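Per-entry structural report
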Amino acid sequence: MNGTSSVAERITELRDQINDHNYRYYVLDDPQIPDAEYDRLFRELQALEQSHPDLVSPDSPTQRVGATGQTSFEEVVHRVPMLSLDNAFNADELRDFDRRVRERLAAKSEIEYVCEPKLDGLAVSLHYEQGKLTRAATRGDGYAGEDITANIRTIPSVPLKLRGGSYPDLVEVRGEVYMLRGGFEKLNKSLSDRGEKTFVNPRNAAAGSLRQKNPRVTARRPLEICAYSVAVIDDSDLPDNHWGCLQLVRDWGFRINPEMRLAQGASACLEAYEELQAKRDQLPYEIDGIVFKVNRLDYQHRLGFVSRAPRWAIAHKFPAQEEVTVVEDVEFQVGRTGAITPVARLKPVFVGGVTVSNATLHNMDEIDRLGVQIGDTVFIRRAGDVIPQVIKVVRDKRPRSARPIQLPTTCPVCDSDIVQLEGEAVARCSGGLFCAAQRKESIRHYASRKAMDIEGLGEKWIDILVDRDMVRTVADLYRLTTDDLRKLERMGDKSAAKLVNAIQSSNRPPLWRFIYALGIREVGEATAKALASYFGTLENVMAATEEELQAVPDVGPVVAGHICSFFEQEHNKEIIEKLRSQGVVWQSEDISRANRPLAGETWVLTGTLENHTRDQAKERLEALGAKVAGSVSSKTSCVVAGEAAGSKLEKARSLGVQTMDEAEFDNFLSRHTA
Ligand code: IVH
């Protein structure tokens, strides 16, 4: 480089490149370079700006945080008010809306609508002058909001500078700032690890993050923005429809929601509603409905506004996923491993599409964290198939009669002592298989679909069989005869025979199902499969030491400990023996060397693979018998190095460990897989 002018050129070049990569990453979802390459460009720019402070400018991608100092929250009066939307709560209300639109416009044909997800975040307005972000504000009361420019600048998907050259001199872009569910969960986890207050949902987390005085805090929060409207303040021309405006905003560098679509008339809108609702739980962010907007801007203009909402748009809401109700009581349930779970009995409430009258409170720590008492009014959340949760207490509504929730000292089912180990959140009944609740749960687990899959042996019959002492452990199931069962109320000859048959024919399970069915703590389906294919026989699993168990993929010290202590207990060994003597034969696995050519080897994956995700590559290796580790040592058998591999590859080379690039790895896999 020679002199400042070429430094200035390089700086401009780097800024353009970085902005371009940002756009591809955040707006087009189509990154063109690996993260490491992006980081190199970014660091080069930072270094150049540091040695030439006179060349730093506020729209440089390095200046998202810090340059403007604290967020002021000064009042900002909106030049065009930020209105709200009327709601339609059902199909009839939506059809009424469409009819009113057609009548007002005296339209002869169907109206074209833009259908947009209603993002559950916060509305913001962003001002650009000569293409540069000059001011960002919250909606506030619609007429005036607060200046949050310094915070908004930290959001990576907000362009600091509009792309291209064809933007108006003065333009206002509006959109929604929100947090992805994944980011929200991570944020809450790290807040609670540090003993700080968590947020109840992604929307509150987004609001809290924008309300930060210090933009450095906002910068660490996983916020995103989607643009949904544009208003020009000078006299430039815009396209003559909303859809065209959205495409324009996208060209300027904003993300617009990929689920947006056009619909002709009310029926097509209702279809779009159904389709979006079906996708709702799979989307990585939360939405609470769909917004329909008349596409033609001249129509929008003619329709105008009533009070605070436009006549040309409406929000069709989805069923709420959060509601308020009262905790009427708390009961304690006993699980298969004795875990005591407090369950809130609720005043029934319709939420997430069903009536909910129970919600788990998980454990006593959770009760402390929520500060919930019996009698409290609480927020309940039920999203998708997830079990209903209590997420927040409304403290102002606590009645005088409210009572704190206390962990009982003895098991509500068998009266044995309840114990809580140091450092464990879960309290347990110490009764073991003496406790009817634990027996019932262990039989239910044994018979369940993923375990021994005994059809017809449901909760109802298990309760009866255990309560009458006809079955104490799973081994007793195989002794049941048609005659025994026929004596039970509401059990006919046919069903009795059917159940006995279902039990008897469950006696040749593959080894992994049997291991899973035993109900060892923290041994789920995947771990059971890994154990079966690693050890081949139950005897080998039972004889394994904790150390040997940890050689199995995904088995860590905690799970290994649970497995060992399960097989150390006499009564567990007895049950297995009884099952065997009653003719239950689990099928051993073929673990011959031919099937598992990498048994005993440890492999390491590093860098980015083109044709596999990390998890896929790991699975393939584990299926061949290898253990996949995170760090390289002299014991490592082989390192697979993808694109931009760094220190692990170097270490492997320096230790003389075998390495493979992706092409060699693919080749290797194809030679070893049938
Ligand atoms: S349009 C006049 N479009 O919903 C038009 N709003 O109830 C007003 N929202 O404050 C807004 N997604 O925070 C619009 N695609 C979308 C939206 C959306 C979410 C929010 C926004 C607004 C509220 C109005």
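The model shown is predicted, which means the values in this text are computed figures rather than measured ones.

Here we look at the overall build of the chain
- Helix and strand counts for the chain come out as 25 helices and 24 strands.
- A principal-axis box enclosing the C-alpha atoms of the chain has dimensions of 90 × 70 × 50 Å.
- Taking all 674 residues of the chain together, 46% fall into the buried category.
- In the chain, the share of contacts with a sequence separation of at least 24, taken over all contacts with a separation of at least 6, comes to 66%.
- Looking at the chain as shown, the accessible area adds up to about 34,000 Å², and 47% of this sits on carbon and sulfur atoms.
- Charge separation in the chain, taken as the distance between the mean sites of 88 positive and 100 negative side-chain charges, equals 3 Å.

Re helix α18 (residues 525-535)
- Of the positions making up α18, those classed as buried are Thr527, Ala528, Ala530, Leu531, Ala532 and Phe535.
- Just downstream of α18, Gly536 is the residue with a positive phi angle, here 80 degrees.

Side note on the site of the ligand
- Around the ligand sit 13 residues in total, of which Glu116, Lys118, Leu119, Glu176 and Lys293 are the nearest.
- Within the side chain of Glu176, an N or O atom sits 2.6 Å from an oxygen atom of the ligand.
- Between a nitrogen atom of the ligand and a side-chain N or O atom of Lys293, the distance comes to 3.0 Å.
- When residues of the shell around the ligand are traced back to their parent elements, those giving at least two are β3 (112-119) and β10 (287-294).
- The biggest single contributor to the shell around the ligand is β3, with 4 residues.
- Classifying every residue of the shell around the ligand by side-chain character gives 8 nonpolar, no polar and 5 charged.

Considerations on the pairing of strand β5 (residues 132-138)
- Alignment of strand β4 (residues 122-129) against β5, held across 6 bridges, turns out to be antiparallel. The partner of Glu129 across the bridge, within β5, is Lys132.
- The hairpin formed by β4 and β5 contains 2 residues between the paired strands, and Gln130 there has a positive phi angle of roughly 45 degrees.

Quick word on the packing of helix α21 (residues 557-568) against helix α22 (residues 570-581)
- Relative to each other, α21 and α22 sit at 75 degrees, their axes nearing to 5 Å. Judged by the inter-axis angle, α21 sits roughly perpendicular to α22. Across from Phe566, Phe567 and Glu568 in α21, the residues of α22 making contact are Glu570, Asn572, Lys573 and Ile576.
- Looking at the contact of α21 with α22 residue by residue, the class counts come to 3 nonpolar, 1 polar and 3 charged.

Considerations on the sheet that holds strand β22 (residues 627-629)
- Strand order in this open sheet of 4 strands is β22-β21-β23-β24, and the pairing throughout is parallel. The sheet is open, and its two borders are formed by β22 and β24 (658-660), each paired with just one other strand. Here the strands of the sheet are splayed against their neighbours by 30 degrees on average, with no regard to which way each runs.
- Two strands pair when backbone bridges link them, and strand β21 (residues 602-606) and strand β23 (residues 638-641) are joined in this way by 4 bridges, in the parallel orientation. Bridging across to β23, Val604 finds its partner in Val639.
- With respect to the sheet, helix α25 (residues 662-672) is in contact with β21, β23 and β24, its orientation differing from that of β24 by roughly 95 degrees.

Section: the pattern of salt bridges
- Evaluated as defined, the whole model comprises 38 salt bridges.
- The closest approach of N and O atoms between Arg521 and Glu424, which form a salt bridge, is 3.9 Å. Note that Arg521 is positioned in the loop between α17 (511-517) and α18 and Glu424 in the loop between β19 (418-419) and β20 (427-429), a separation of 97 residues in sequence.
- When salt bridges that share partners are traced, they join Arg181, Glu286, Glu322 and Arg381 into one network.

Some remarks on the environment of Ser51
- In this fold, Ser51 is placed in helix α2 (residues 35-51).
- In this structure, the C-alpha to C-alpha distance between Ser51 and Arg261, residues 210 residues apart in sequence, is 48 Å.
- In this structure the side chain of Ser51 is engaged in a polar contact, spanning 3.4 Å, whose partner is the side chain of His52.

Observations regarding unusual backbone geometry
- Even without glycine at this site, Ser307 takes up a positive phi of about 40 degrees.
- For Ser307, the position within the fold is in the loop between β11 (305-306) and β12 (309-310).
- Owing to a relative accessible area of 71%, Ser307 belongs among the exposed residues under this scheme.
- The phi torsion at Ala644 lies on the positive side, around 55 degrees, for a residue other than glycine.

As for the confidence of the model for the chain
- Taken residue by residue, the chain gives an average pLDDT of 91. The fraction at 70 or more is 98%.
- The secondary-structure element of the chain with the lowest mean pLDDT is helix α23 (residues 614-623), recorded at 84, while β3 shows the highest, at 98.

What to know about the packing of aromatic side chains
- In the structure shown here, the tally under the stated rule is 11 aromatic pairs.
- With 4.8 Å between their ring centres and 70 degrees between their planes, Tyr25 and Tyr26 make a pair best called edge-to-face.
- Residue Tyr25 is classed as partly exposed on the basis of its relative accessible area, which comes to 42%.
- Ring centres 4.9 Å apart and planes at 70 degrees place the aromatic pair Tyr534 and Phe535 in the edge-to-face group.
- If you follow Lys529 out to its NZ or CZ, it ends over the ring of Trp512, 4.6 Å from the centre.

Here we look at the layout of surface pockets
- By volume, the second largest pocket is sized at about 1,100 Å³.
- Asn188, Phe199, Val200, Arg369 and Ile391 are, among the 34 residues lining the second largest pocket, the residues nearest its centre.
- Of all the elements in the fold, those that place two or more residues in the lining of the second largest pocket are α5 (181-193), α6 (202-210), α11 (364-370) and β18 (389-393).
- Here the residues of the lining of the second largest pocket sort into 12 nonpolar, 9 polar and 13 charged.

Topic: the state of the cysteines
- By the definition in use, this model includes 0 disulfides.
- The thiol of Cys411 is unpaired, and the distance to the nearest cysteine sulfur, on Cys429, comes to 3.7 Å.
- Accessibility expressed as a relative area gives 3% for Cys411, which makes it buried.

Some thoughts on the nonpolar core
- The biggest cluster of nonpolar side chains holds 57 residues, and the ones touching the most others in it are Tyr446 and Leu477.
- Residue contacts for Leu477: discarding those within four places in its chain leaves Ile443, Tyr446, Ile454, Leu457, Val471 and Ile503.
- Formed by 37 residues, the second largest nonpolar core is a distinct cluster that contains Phe73, Leu160, Ala227 and Cys245.

Considerations on the environment of Leu133
- Here Leu133 is to be found in strand β5.
- Sequence spacing of Leu133 and Trp603 is 470 residues, and the spatial spacing of their C-alpha atoms is 49 Å.
- If we skip the residues at most four places from it in the chain, Leu133 touches Leu126, His127, Tyr128, Ile152, Arg153, Val158, Pro159 and Leu160.

A few points about the side chain of Arg428
- Mapped onto the elements of the fold, Arg428 is located in strand β20.
- Engagement of the side chain of Arg428 in a polar contact is seen with the side chain of Thr337, the distance being 3.0 Å.
- When neighbours within four sequence positions are excluded, Arg428 is seen to be in contact with Thr337, Gly338, Ala339, Ile340, Asp417, Ile418, Val419 and Arg521.

Brief notes about the sheet that holds strand β2 (residues 87-88)
- Strands sit in the order β2-β13-β10-β3-β9 across an open sheet of 5 strands; the sheet is mixed. Every interior strand has two partners, whereas the edge strands, β2 and β9 (261-264), have only one.
- Against the sheet, helix α8 (residues 242-251) makes contact with β3, β9 and β10, and its axis sits at roughly 50 degrees relative to β3, the strand it touches most.
- Strand contacts of helix α9 (residues 265-279): β3, β9, β10 and β13 (313-317), with the helix running at about 140 degrees to β9, the strand carrying the most contacts.

About the thresholds
- Residues numbered from 1 in each chain as written.
- Predicted model: local features only at pLDDT ≥ 70, side-chain atom pairs only at ≥ 80, totals over all residues.
- Heavy atoms only, no water.
- Helix = DSSP H or I, 4+ residues; strand = E, 2+ residues; numbered from the N terminus.
- Buried < 20%, exposed > 50% of the residue type's maximum accessible area, 1.4 Å probe, protein only.
- Contact = heavy atoms within 4.5 Å.
- Areas by Shrake-Rupley, 256 points an atom, 1.4 Å probe, with all protein chains shown as cover.
- Lys, Arg positive; Asp, Glu negative; His and termini not counted.
- Charge placed at Lys NZ, Arg CZ, Asp CG, Glu CD.
- Near = heavy atom within 4 Å.
- Polar contact = N/O pair within 3.5 Å; in protein donor to acceptor, adjacent residues only side chain to side chain.
- Nonpolar A, V, L, I, M, F, W, Y, C, P; charged D, E, K, R; others polar.
- Pairing = 2+ DSSP bridges.
- Axes fitted to C-alpha atoms, helices over the stretch in contact; angles between N-to-C directions.
- Parallel < 35°, antiparallel > 145°, perpendicular 65-115°, else oblique.
- Salt bridge = Lys/Arg side-chain N within 4 Å of Asp/Glu carboxyl O.
- pLDDT = per-residue confidence, 0-100.
- Phe/Tyr/Trp six-rings, centres within 6.5 Å; stacked < 30°, edge-to-face > 60°.
- Lys NZ or Arg CZ within 6 Å of the ring centre and 35° of its normal.
- 1 Å grid on protein atoms, 1.4 Å probe; cavity = no way out; pocket = protein on both sides within 12 Å on 5 of 7 lines; lining within 4 Å.
- Points joined across faces, edges and corners; volume = space filled by probe spheres on them.
- Disulfide = S-S within 2.5 Å.
- Core = buried A, V, L, I, M, F, W, Y, C linked by side-chain atoms within 4.5 Å.

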